[in-house]
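# Results of the structural survey
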Amino acid sequence: MSDEEHHFESKADAGASKTYPQQAGTIRKNGYIVIKNRPCKVVEVSTSKTGKHGHAKCHFVAIDIFNGKKLEDIVPSSHNCDVPHVNRTDYQLIDISEDGFVSLLTENGNTKDDLRLPTDENLLTQIKDGFGEGKDLVVSVMSAMGEEQICALKDIGPKS
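Note that this is a predicted model, so its numbers are computed, not measured.

### Concerning unusual backbone geometry
- Positive phi values are uncommon outside glycine, yet Asn30 reaches one of about 75 degrees.
- Its identity is not glycine, yet Asn37 carries a phi of approximately 60 degrees, on the positive side.
- Here Asn37 lies in the loop between strand S2 (32–35) and strand S3 (38–48).

### Considerations on the sheet that holds S3
- The sheet built from four strands is open, its strands ordered S2-S3-S4-S5 with antiparallel pairing. Looking at the sheet topology across the chains shown, the edges are occupied by S2 and strand S5 (70–76). Neighbouring strand axes in the sheet, compared pairwise and without regard to direction, differ in orientation by 45 degrees on average.
- As defined by bridge partners, S3 adjoins strand S4 (residues 57–64) across eight bridges and the pair is classed as antiparallel. Each residue of the ladder has a partner; that of Lys41, found in S4, is Ile63.

### Examining the side chain of Ser140
- The residue Ser140 is located in strand S10 (residues 135–144) in this model.
- One polar contact links Ser140 to Asp90, side chain to side chain, over a distance of 2.7 Å.
- Once you skip the residues sitting within four places of it in the chain, Ser140 turns out to touch Arg88, Thr89, Asp90, Gln149, Ile150, Cys151, Ala152 and Lys154.

Rules of the game
Residues numbered from 1 in each chain as written. Predicted model: local features only at pLDDT ≥ 70, side-chain atom pairs only at ≥ 80, totals over all residues. Heavy atoms only, no water. Helix = DSSP H or I, 4+ residues; strand = E, 2+ residues; numbered from the N terminus. Pairing = 2+ DSSP bridges. Axes fitted to C-alpha atoms, helices over the stretch in contact; angles between N-to-C directions. Polar contact = N/O pair within 3.5 Å; in protein donor to acceptor, adjacent residues only side chain to side chain. Contact = heavy atoms within 4.5 Å.

What follows is the structure, encoded as structure tokens:
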């Protein structure tokens, strides 16, 4: 054995997959699925019967969790589909910058400054109004496949 030290380049992620395989026949409504490389929430699943020589097929109708677009896919029920790892994290809102980015407080006390305000008009006005009134706001951030977006808002009362 040599006494040399080995140095490895460290990358931001540990090589963990952004998705995991799941059999198409086991994916249900309100679950998640990857369609056209986009993480989606399933809104409708229908299964067709097997043909003379074929497989039963699952027809998925799903909505992209970040941009709200409707996507459809048909997959044999015995085949595997990609399912995204979806995480929701709550952060306290500290500040809104003029260029549309938000400053959030993480659980360990650090700040997270790389998120934009949501594009959803309703949520956007709720955040801006609540922040303007000096309320303590907690935003829920949904992350999947390397993307993050503010998806919900909680009001935890006036600033003390």
